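Below are the chains, spelled out letter by letter.
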Amino acid sequence: MVRPVAKIGWKIVGGAAGAVAGSVASRAVTLAYKKIRKSDPPRSPAHPDTAWADAISWAAASGVAVGVGKLTAERVAARRWMKATGSLPPGIRERE
């Protein structure tokens, strides 16, 4: 059984790692968009005046970047958690 302290600890560690990675990925994809497209990303992709191509490319790029960034950070945090505690973080199951 997982102790409540471990659950709270992992939520803090995993959540912080994911939040930082998401923020970094968001900034990185904004810079990449500006460099590739030679313009700022859409301020409001849902606005009717935003071209579909711009809205979709921005949504896809930012979604992938933020998702992969958060996943990477959470995996690194889980590996460090395992080194520090000797067990998997709460909520992460053994590989099957």
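So, a few notes on the structure that sits alongside this text. If you're wondering where the values come from, they're calculated on a predicted model, not measured in any experiment.

Basis of the calculations
- Numbering of residues starts from 1 in every chain and runs along the sequence as written.
- Predicted model: local features are reported for residues with pLDDT of at least 70 only, side-chain atom pairs are reported and counted for 80 or more only, and whole-chain, interface and lining totals are derived from all residues.
- Excluded from the side-chain calculation are hydrogens and water; included are all heavy atoms of the structure.
- The numbering of helices and of strands both runs from the N terminus, where a helix is a DSSP run of H or I of at least 4 residues and a strand a run of E of at least 2.
- Throughout, the radius of gyration refers to the C-alpha atoms, and the reference size of a globule is 2.2 Å times the residue count to the power 0.38.
- Exposed residues in this analysis have more than 50% of their type's maximum accessible area, buried residues have under 20%, and partly exposed residues fall in between, with area computed by a 1.4 Å probe over protein chains only.
- Whether two residues are in contact is decided by their heavy atoms, any of which lying within 4.5 Å being enough.
- Where accessible areas are quoted, they stem from the Shrake-Rupley method and a 1.4 Å probe; at the residue level, only the protein chains shown are allowed to cover.
- In this tally Asp and Glu are treated as negative and Lys and Arg as positive; neither His nor the chain ends contributes.
- Every charge is mapped to an atom, namely NZ of Lys, CZ of Arg, CG of Asp or CD of Glu.
- Here, expected helix span is obtained from the residue count minus one, scaled by 1.5 Å.

Section: the overall build of the chain
Next up, step 1: When helices and strands are tallied, the chain shows two helices and zero strands.
Next up, step 2: For a compact globule of 96 residues, the expected C-alpha radius of gyration is about 12 Å, and the chain comes in at 18 Å, more than 25% above that figure.
Next up, step 3: Principal-axis analysis of the C-alpha atoms gives the chain an extent of 55 × 25 × 25 Å.
Next up, step 4: Looking at the chain as a whole, 23% of its 96 residues are labelled buried.
Next up, step 5: In the chain, once contacts between residues fewer than 6 apart in sequence are set aside, the share between residues at least 24 apart is 56%.
Next up, step 6: Within the structure as shown, the chain displays about 7,500 Å² of accessible surface, and the carbon and sulfur contribution to it stands at 62%.
Next up, step 7: Positive and negative side-chain charges in the chain, numbering 16 and 6 respectively, have mean positions lying 9 Å apart.

So, helix α2 (residues 52-85)
Next up, step 1: Here α2 contains 34 residues, and its C-alpha end-to-end distance of 48 Å stays within 8% of the 50 Å for a straight helix at 1.5 Å per residue.
Next up, step 2: Along α2, the positions that sit buried rather than exposed are Ala 55, Trp 58, Ser 62, Gly 69, Ala 73, Ala 77, Ala 78 and Trp 81.
Next up, step 3: Contacts made by the buried residues of α2 are with α1 (4-37).
Next up, step 4: Directly after α2, the chain includes Gly 86, whose backbone phi takes a positive value near 85°.

Description of the environment of Gly 18
Next up, step 1: You can see Gly 18 is positioned in helix α1.
Next up, step 2: Separated by 56 residues in the primary sequence, Gly 18 and Glu 74 place their C-alpha atoms 6.0 Å from one another.
Next up, step 3: Leave out the neighbours within four places in its chain, and Gly 18 touches Lys 70, Ala 73 and Glu 74.

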